[in-house]
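# What the coordinates show
Each chain is listed here by its residues.
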Amino acid sequence: MPDRSDHTDRPTYWLTRFLILRLLGIVYAVAFLVAINQILPLIGSHGLTPVDLFIRRVADALGYTGGFFRLPSVFWWNHSDTALLTGAWIGFVLSCIVAAGFANALILFMLWFLYMSFCNIGQEWYGYGWEIQLLETGFLAIFLTPLLDPRPFPRREPPLPIIILFRWLICRIMFGAGLIKLRGDEVWRNSTALYYHFETQPMPGPLSRWFHFLPRLLLRMGVWFNWLAELVAPLFVFGPRIARHIAGVIIILLQIVLILSGNLSFLNWLTIIPALACFDDAFWARILPHTLTRRAEQAAGTAMPSRPMTITAWTVTVIIGLLSIQPVFNMLSPNQIMNTSFDPLNLVNTYGAFGSVGQQRYNIVFEGTYDNIPTDSATWKEYPYKGLPTSPDQRPPQVAPYHLRFDWQMWFAAMSTPDDYPWTLTLIAKLLHNDPGALSLFASNPFPNKPPLYIRAILYHYSFAPPDNPGHHWWTRQTIGAPWLPAMAADDPRLLEYLGTSGKTP
């Protein structure tokens, strides 16, 4: 493809749009696949936090109309289990269509609104920063494409204002993440954060232990590279072509390291998407297959201007600019908060991750027993997580870009008390009845024939075992204090009282 970035011709972004939409389709597909597999045991009619109870509480406070405008969702009208699964499957199919190369504004709008519908009724299970980041990214993508033409290379050129908005998004994501670390934990400022991060992050991956035991100098250099990617590179995403390309490469390299070193859901894959806007067609032409670049060149040669697309793109740019004022003030404020939306549609948000890094890893492990007397001397069997560590000889699995929402919430719960996570009582009640939905959240059921008589939750301190340890264990662990939740039977008054007052059933 000819270099369209010289002094005689402006840069073009046909290949950039192609890559942004393909990767966005993949991320959407993963996100909706997560909903297909997990939405019912989490918020279904018999889930841990049923959506019906949530919608009733919101409606009591705001009314149904007020609730819809505060938390827009198609599930205000029908939130049955069938409706939730149908919405997830529709989203997954549309995502696969986009990932396969076919996208228009109509399809992308449906994906955006459908995913927002899950986020707004998903409660704490959908309270992660990457949910609103996906919504903001998905909203901008709507305006990259024609209204109806779904071809990979339609006759309408990608609007430059939307490409610039993608750069504005990656600038805020990275700079906000850097500032929250700079203002947050001392371990970031003294460059020791990576002494702990790989071990204490929510869900370590297969390579996390290798990263954890790297020489301390390399770990300190990793923090310095993080500062480069989060505080320096974002300043150049609007710069000259070479500076912009270098900034984009640095940002993407950081995301690749994070992908290799842990299981941060689809966050890092999602963050790569707006970073792609740092590159133009001339850059991609040196990397991508010649047949693809020729198709982009042919599309550029036959492109027709679209006044409606241009007007819409500039209108969206003005709206995003106005909505950016509050997030920017927050980002620059000494009281910066992270991962927050400032409008009901999540159009412009503030981001940040790991402002503080825990130096100790705690995990809650649920255990059951058939014994009539549930003391420490009873025979307890553990419910293994799908992602979180349970057994010391369990190698951390590769989960990302898939997202195990239950495991993540249990990581947070281990740093708190059961009072802050009352649905853990619902979980115990369900495990005491061998509820299939609750059991689907774990890797396996240690009581396949009949449910246990008692369930308890034990808090452990976990540490990576050295790679050369004699037992070839991945972890060492020690019990911390009294049980996080004491042993309870199905007829335990504490369980029955909670289930009765909360309106939930085992």
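See the structure above.
A separate point is the overall build of the chain. Helices and strands together make up the secondary structure of the chain, namely 20 helices and 7 strands. Projecting the C-alpha coordinates of the chain onto the three principal axes gives extents of approximately 85 × 55 × 45 Å. Within the chain, residue pairs in contact and separated by at least 24 positions form 76% of the contacts whose partners lie at least 6 positions apart. A total of about 21,200 Å² of accessible surface is found on the chain, and carbon and sulfur atoms cover 65% of it. Considering the chain, the positive charge centre built from 35 side chains and the negative charge centre built from 32 side chains are found 8 Å apart.

This part takes up helix α4 (residues 105-121). Between its first and last C-alpha atoms α4 spans 25 Å; for 17 residues at 1.5 Å apiece the expected length is 24 Å, and the two agree. The buried fraction of α4 is high, at 13 of 17 residues. Regarding α4, its N-cap is Asn104, as a side-chain oxygen of that residue lies 3.1 Å from the backbone nitrogen of Leu106 further along. Just downstream of α4 lies Gln123, where phi reads positive at about 55 degrees.

This next bit is on the packing of helix α6 (residues 160-183) against helix α11 (residues 241-261). Between α6 and α11, the least distance of the axes is 12 Å, while the angle of their chain directions is 50 degrees. Considering the angle they form, α6 stands oblique to α11. Remark: the crossing between α6 and α11 carries left-handed chirality. Contacts between α6 and α11 involve Arg167, Ile170 and Met174 from the first element and Arg244, Ile251, Leu254 and Gln255 from the second. A breakdown of the residues in the contact of α6 with α11 according to their chemical character gives 4 nonpolar, 1 polar and 2 charged.

Before going further, it helps to examine helix α1 (residues 14-43). Spanning 30 residues, α1 covers 40 Å between terminal C-alpha atoms, matching the ideal 44 Å at 1.5 Å per step. Most pronounced at Asn37, the bend in α1 amounts to some 50 degrees, and the proline Pro41 follows within four residues. Of all 30 residues that make up α1, 26 are buried, and the element is covered over most of its length.

Bringing the side chain of Asn349 into the picture now. If you trace the backbone, Asn349 turns up in strand β2 (residues 349-350). From its side chain, Asn349 meets the backbone oxygen of Asn346 in a polar contact 3.2 Å long. Within the structure, the side chain of Asn349 is placed 2.9 Å from the side chain of Tyr351, a separation counted as a polar contact. Once residues within four sequence positions are removed from consideration, Asn349 is found in contact with Ile132, Glu136, Arg172, Pro327, Thr340, Ser341 and Phe342.

Counting residues in each nonpolar core, the largest one holds 138 residues, and the members touching the most others are Tyr115, Phe118, Ile364, Phe366 and Phe406. In terms of residue count, α1 provides more of this core than any other element does, 19 residues in total.

Right, let's talk about the pattern of salt bridges for a bit. According to the stated counting rule, one finds 13 salt bridges in the structure shown. With a closest N to O distance of 2.8 Å, Arg151 and Asp149 form a salt bridge. Note that Asp376 is salt-bridged to Arg456, the shortest N-O span being 2.9 Å. Of this pair, Asp376 sits in the loop between β3 (361-369) and β4 (381-382) while Arg456 sits in strand β5 (residues 454-464), placing them 80 residues apart in sequence. Taking the relative accessible area as the measure of exposure, Asp376 reaches 66% and is therefore exposed. In the salt-bridge network here, residues are joined through shared partners; they are Arg241, Arg244 and Asp280.

Take unusual backbone geometry next. A cis geometry characterises the amide bond from Ala400 onward to Pro401, with omega recorded as 10 degrees. The topology assignment puts Pro401 in the loop between β4 and α17 (405-413). Its identity as a non-glycine residue notwithstanding, Gln123 has a phi of 55 degrees, on the positive side. Tracing the chain through its elements places Gln123 in the loop between α4 and α5 (129-142). Residue classification places Gln123 among the buried residues on the basis of a relative accessible area of 15%.

Taken together, the side chains of Leu207, Trp210, Val249, Leu253, Ile256 and Leu260 make up a nonpolar region of the molecular surface, amounting to roughly 540 Å² of accessible area. With 4 residues, the top contributor of residues to the nonpolar patch is α11. Following the sequence through the fold, Trp210 ends up in helix α9 (residues 208-212). Overall, the relative accessible area of 54% leaves Trp210 in the exposed class.

What follows is about the packing of aromatic side chains. Applying the stated rule across the entire model yields 42 aromatic pairs. Where Tyr383 meets Phe447, the ring centres are 5.8 Å apart and the plane angle is 45 degrees; that geometry is what we call tilted. Separated by 64 residues along the polypeptide, Tyr383 in the loop between β4 and α17 and Phe447 in the loop between α19 (436-439) and β5 bring together distant segments of the chain. Its guanidinium or amino end placed over the ring of Tyr195, Arg216 lies 3.9 Å from that ring's centre, counting from NZ or CZ. The aromatic ring of Tyr460 is capped on one face by Arg477, whose charged end is 4.1 Å from the ring centroid.

Another aspect to go through is the environment of Pro392. Structurally, Pro392 can be placed in the loop between β4 and α17. Discounting chain neighbours no more than four positions away, the residues touching Pro392 are His473, Trp474, Trp475 and Arg477.

Turning our attention to the pairing of β5. As a general feature of sheets, a regular strand has side chains that alternate between the two faces. Most of β5 is tucked away: 10 of the 11 residues are buried. Judged from the 9 bridges that link them, β3 and β5 form a sheet pairing that is antiparallel. By the bridge assignment for β5, Val365 is matched with Ile458. As paired strands, β5 and strand β7 (residues 485-488) are joined by 2 bridges and run antiparallel to one another. In the sheet register, Ile455 faces β7, and the bridge partner there is Met488. Summarising the sheet, β5 and strand β6 (residues 475-479) pair through 5 bridges and their orientation is antiparallel. Its bridge partner lying in β6, His461 is registered against Gln478.

Quick notes on the rules
Residues numbered from 1 in each chain as written. Predicted model: local features only at pLDDT ≥ 70, side-chain atom pairs only at ≥ 80, totals over all residues. Heavy atoms only, no water. Helix = DSSP H or I, 4+ residues; strand = E, 2+ residues; numbered from the N terminus. Contact = heavy atoms within 4.5 Å. Areas by Shrake-Rupley, 256 points an atom, 1.4 Å probe, with all protein chains shown as cover. Lys, Arg positive; Asp, Glu negative; His and termini not counted. Charge placed at Lys NZ, Arg CZ, Asp CG, Glu CD. Expected span 1.5 Å × (residues − 1). Buried < 20%, exposed > 50% of the residue type's maximum accessible area, 1.4 Å probe, protein only. Polar contact = N/O pair within 3.5 Å; in protein donor to acceptor, adjacent residues only side chain to side chain. Axes fitted to C-alpha atoms, helices over the stretch in contact; angles between N-to-C directions. Parallel < 35°, antiparallel > 145°, perpendicular 65-115°, else oblique. Left-handed = near helix turned anticlockwise from the far one by under 90°. Nonpolar A, V, L, I, M, F, W, Y, C, P; charged D, E, K, R; others polar. Bend = angle between axes of the 7 residues up to and from the residue. Core = buried A, V, L, I, M, F, W, Y, C linked by side-chain atoms within 4.5 Å. Salt bridge = Lys/Arg side-chain N within 4 Å of Asp/Glu carboxyl O. Patch = residues over 30% accessible without salt bridge, like charges linked within 9 Å, V, L, I, M, F, W, Y side chains within 5 Å. Phe/Tyr/Trp six-rings, centres within 6.5 Å; stacked < 30°, edge-to-face > 60°. Lys NZ or Arg CZ within 6 Å of the ring centre and 35° of its normal. Pairing = 2+ DSSP bridges.

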